[in-house]
Amino acid sequence: MSNMKAVIRFLSRWSTALANRALLIGQQAYKCGDYATALREFRTLANQGNTAAQFFLGTMYRNGDGVSASGEEAARWIRLAAEQAMADAQFSFGVLYDDGEGVAQDSFEAARWYRLAAQQGCASAQFNLGTCFHEGRGVKQDETKAAWWITLAAEQGAADAQLNLGIRYLNGIGVLRDDMEAYLWFDLAVANGSADAVTYRDIVAQGLTPDQATDAHCRARDWKPKSRAESALDVY
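This structure is a prediction, so every number in the text was calculated from the model and none was measured. (Residues numbered from 1 in each chain as written. Predicted model: local features only at pLDDT ≥ 70, side-chain atom pairs only at ≥ 80, totals over all residues. Heavy atoms only, no water.)

### Description of the overall build of the chain
We apply this condition: Numbering of helices and strands runs from the N terminus, with a helix taken as a DSSP run of H or I at least four residues long and a strand as a DSSP run of E at least two residues long. Exposure classes here rest on a 1.4 Å probe applied to the protein chains alone. A residue is buried below 20% of its type maximum, exposed above 50%, and partly exposed in between. Contacts between residues were defined by any pair of non-hydrogen atoms, one from each residue, lying within 4.5 Å. Note that accessible areas follow from Shrake-Rupley with a 1.4 Å probe, and for residues the cover is restricted to the protein chains shown.
If you tally the helices and strands in the chain, you get 13 helices and zero strands. Written out in order from the N terminus, the α and β elements of the chain read α-α-α-α-α-α-α-α-α-α-α-α-α. With the C-alpha coordinates of the chain rotated into their principal frame, the extents come out at 75 × 40 × 40 Å. For the chain, the residues scored as buried account for 45% of the 236 residues in total. Of all intrachain contacts in the chain linking residues separated by at least 6 positions in sequence, the fraction that spans at least 24 positions is 50%. By element, 53% of the accessible surface of the chain is carried by carbon and sulfur atoms, the whole surface being about 12,400 Å².

Below you can see the structure in the form of structure tokens.
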């Protein structure tokens, strides 16, 4: 009996190693534009229940990479990965519901999947969920919750979220108005390549003293983004 258990453990590790190698081959092929190889590797693994392969295969169908674009096939494979709690797949599945791509448009389902991904620290999902709360789309409109989720995305370095958060501090939307905080987030967004944030930052700077502007700029310079793991939440 003990020998059989040892054999099973060995085969399990061997099978996992082969799957990881096949997944890597598929990813490398995809990056090189060799969609035929990527499709073959991803499809084989996806049919075996590999979560990452299901997500990648669904993404290929969504983008029409090496296959005829199909929202239905994209949704089918991405759903399988999302149901296995893959955060990126949960976010993508939320987008499919938001856009009505491969599934019937459903803002409530979109917000539900965004929340699942956001709780795992997916910055894109946190930002989209914040936008849902801002617009009252799929959830009850709530600017405080919108600001909270967008802050989580901004803290991970998402430029769009940083710009949005700066605007919120500038206008007191879901947060207390604070020009110093607004300047900080605009400055960070500028550093991340946001052209729109330049104008906002310069407007805010006009209302700050030189010492305040310097202090806010130093805070931005010393700022470090949070990791996805640090941003993940068990409950909300």
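So that's the structure; there's more coming.
### Examining the pattern of salt bridges
This is how it is decided: A side-chain nitrogen of Lys or Arg and a carboxyl oxygen of Asp or Glu constitute a salt bridge if their distance falls within 4 Å.
Counted under the stated rule, the structure contains 15 salt bridges. R62 is paired through a salt bridge with E101; the nearest N and O atoms lie 3.4 Å apart. With R62 in helix α3 (residues 51–63) and E101 in the loop between α5 (87–99) and α6 (107–119), the pair connects residues that are 39 residues apart, well separated along the chain. Connected through salt bridges with shared partners, the residues D98, E135 and R137 form a single ionic network.

### Description of the side chain of E181
Within the fold, E181 resides in helix α10 (residues 179–191). Excluding residues that lie within four positions of it along the chain, E181 makes contacts with Y169 and R219.

### A short note on the confidence of the model for the chain
Quick reminder of the rule: pLDDT runs from 0 to 100 and stands for how confident the predictor is about each residue.
Averaged over the chain, the pLDDT score is 92; the fraction of residues at 70 or greater is 92%. Low pLDDT, under 50, characterises residues 6–14; the stretch is placed with zero contacts to residues that sit more than four places away or in other chains.

### Let's talk about the nonpolar core
To be explicit about the condition: What is meant by a nonpolar core is a set of buried Ala, Val, Leu, Ile, Met, Phe, Trp, Tyr and Cys residues, joined one to another through side-chain atoms within 4.5 Å.
With 29 residues, the main nonpolar core has A89, F91, F93, Y114 and L129 as its most contacted residues. Where this core is concerned, the elements lending two or more residues are α4 (71–82), α5, α6, α7 (123–135) and α8 (143–155). Sequence-distant contacts of L129, defined by excluding residues within four places in its chain, comprise A111, Y114, R115, A118 and W149.

### Examining helix α11 (residues 195–205)
Put simply, the rule is: To obtain the arc, one takes the directions from the helix axis to the C-beta atoms. For this analysis, a polar contact is any N or O atom pair within 3.5 Å, provided that within protein one partner can donate a hydrogen and the other can accept it, and provided that sequence-adjacent residues contribute only side-chain to side-chain pairs.
Buried within α11 are the following residues: A197, R201 and V204. In an axial view of α11, the angular spread of the buried residues amounts to 65 degrees, which keeps them on one side of the axis. Exposed and oriented more than 90 degrees from the buried face of α11 are A195 and D196. Buried positions along α11 lie against α9 (159–171) and α10. The N-cap of α11, judged by a side-chain oxygen 3.3 Å from the amide nitrogen of A197 a few residues on, is S194.

### Remarks on the packing of α8 against α9
Condition: Axis geometry follows a simple rule: fit a line to the C-alpha atoms, using only the stretch in contact for helices, then measure angles between N-to-C directions, giving values from 0 to 180 degrees. Reported orientations rely on four angle classes, namely roughly parallel under 35 degrees, roughly antiparallel over 145, roughly perpendicular from 65 to 115, and oblique for the rest. A clockwise turn of the near helix away from the far one marks a right-handed crossing, whereas an anticlockwise turn of less than a right angle marks a left-handed crossing. The nonpolar class holds Ala, Val, Leu, Ile, Met, Phe, Trp, Tyr, Cys and Pro. Asp, Glu, Lys and Arg form the charged class, and all remaining residues, Gly among them, are polar.
Between α8 and α9, the least distance of the axes is 8 Å, while the angle of their chain directions is 140 degrees. As far as their axial angle goes, α9 and α8 are oblique. Considering how the two elements wind past one another, α8 and α9 form a crossing that is left-handed. Side by side, α8 and α9 meet where E143, A146, A147, I150, T151, A153 and A154 of the first sit next to A161, Q162, N164, L165 and R168 of the second. In the contact of α8 with α9, the residues fall into seven nonpolar, three polar and two charged.

### A look at the packing of aromatic side chains
The geometry of an aromatic ring pair comes down to the distance between the two centres and the angle between the two planes. Heads up, the rule is: Aromatic pairing here means that ring centres of Phe, Tyr or Trp (its six-membered ring) are within 6.5 Å. Orientation follows from the plane angle: under 30 degrees is stacked, over 60 is edge-to-face, and everything else is tilted.
Summed over the entire model, instances satisfying the criterion amount to nine aromatic pairs. For the pair F91 and Y114, a centre-to-centre distance of 5.9 Å together with 35 degrees between the ring planes defines the contact as tilted. Residue F91 is located in helix α5, and its partner Y114 is located in helix α6; the two are separated by 23 residues in the primary sequence. As far as burial versus exposure is concerned, F91 and Y114 are alike and both buried. Put simply, the rings of F42, F55 and F56 pair up and form one aromatic cluster.

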